[in-house]
Amino acid sequence: RLSERLQRIAERVPSGGKLADIGSDHALLPAYLAINGTISRGIAGEVNTGPYEAASKQIEQSGVGHKVQARLGDGLAVIQPGEVNVITIAGMGGSLISSILEAGKEKLSGVELLILQPNVGEEFVREWLLRSNWSLQSEQILEEDGKIYEILTAQPKQLGASGDGLYEPFMLNGEISVTKQDLLRMGPYLLRNPNPVWIRKWESELAKLAQICRQLSRSEHTASRQKEQEIREIMQHIEEVL
Ligand code: SAM
């Protein structure tokens, strides 16, 4: 049985897909998708030997060795261009996810779908997608065991297609101006269709930022003052949108 988080990721993998799960740890996701027949082929990529061995063991124990292979290597280095059409990268920070994608850009030819689940720093992932011509298709948010997770999916932008307007600034309720930065930070779909989990997430982020400001305000350094001011501006944007 998968966690709710992995289950929600699994549901987004298309039937017949050739999947690379990067940072697969125990290979739970590709093993599950191979057992239930969703994927035709899977690669569980791991940079660390401990998780790589755990992945190999899981694949063997699940009896899916004919379909799924564990590979040791950094990010997308474990795949050849054209080898897979779906990539999942889950359970790590958004800046690490975006650096893995950036470092392995040439491996993305033939990839039709990215399913990304950053634990924090979702805006780094959205920024990378935007600047690398991937179109954000969906955003999901869920809460499990007191933690909140976002799942983002993206497809290559069609050549010649115009910008989809997702990140165009707009007026909310005729009075609040939502900026591109707000949309990158809080999610263009989630922000337009707020749900209780998303609101809880941003209320808790506000509380964390307020705490950081309290600490910074005790410091005499000009740099701390500047940082505090920057955070207060971000907080104001978040408060307005909520
Ligand atoms: N994807 C699984 C999940 O969502 O449950 C496991 C997440 S686990 C917290 C993150 C895994 O990413 C670790 O096993 C770590 O070794 C691996 N990892 C970190 N950086 C990586 C990289 N550059 N390339 C491949 N794997 C990486």
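Residues numbered from 1 in each chain as written. Predicted model: local features only at pLDDT ≥ 70, side-chain atom pairs only at ≥ 80, totals over all residues.

This part is about the site of the ligand. Surrounding the ligand, one finds 17 residues, the nearest of these being G23, D25, V47, A90 and G91. Counting residues per element, the ones that place at least two in the shell around the ligand are β2 (39–46), β4 (86–92) and α4 (94–103). At three residues, β4 tops the list of elements feeding residues into the shell around the ligand. Of the residues contributing to the shell around the ligand, the split by class is eight nonpolar, six polar and three charged. (Near = placed C-beta within 6 Å. Helix = DSSP H or I, 4+ residues; strand = E, 2+ residues; numbered from the N terminus. Nonpolar A, V, L, I, M, F, W, Y, C, P; charged D, E, K, R; others polar.)

Now for the domain arrangement of the chain. If you check the domain split of the chain, you get domain 1 (4–156) and domain 2 (170–241). A C-alpha centroid distance of 29 Å is found between domain 1 and domain 2. If you look at the interface, domain 1 gives twelve residues, while domain 2 gives eleven residues. In terms of residues, the side of domain 1 that touches domain 2 owes the most to one element, strand β6 (residues 134–144), which gives six residues. Class assignment of the residues belonging to the side of domain 1 that touches domain 2 gives a composition of four nonpolar, one polar and seven charged. (Domains from an automatic or database assignment. Contact = placed C-beta atoms within 7 Å.)

Here we take up the sheet that holds strand β3 (residues 68–72). The sheet built from seven strands is open, its strands ordered β3-β2-β1-β4-β5-β7-β6 with mixed pairing. The open sheet has two edge strands with one neighbour each: β3 and β6. If you compare each strand with its neighbour and ignore which way they point, the axes differ by 15° on average. Alignment of strand β1 (residues 17–22) against β2, held across six bridges, turns out to be parallel. Following the sheet pairing, K18 is matched in β2 by R41. Sitting on the sheet, helix α2 (residues 28–35) is in contact with β1, β2, β3 and β4, with an inclination near 170° to β2. Across the sheet, α4 lies against β1, β4 and β5 (113–118), angled at about 150° from β4, the strand it touches most. (Pairing = 2+ DSSP bridges. Axes fitted to C-alpha atoms, helices over the stretch in contact; angles between N-to-C directions.)

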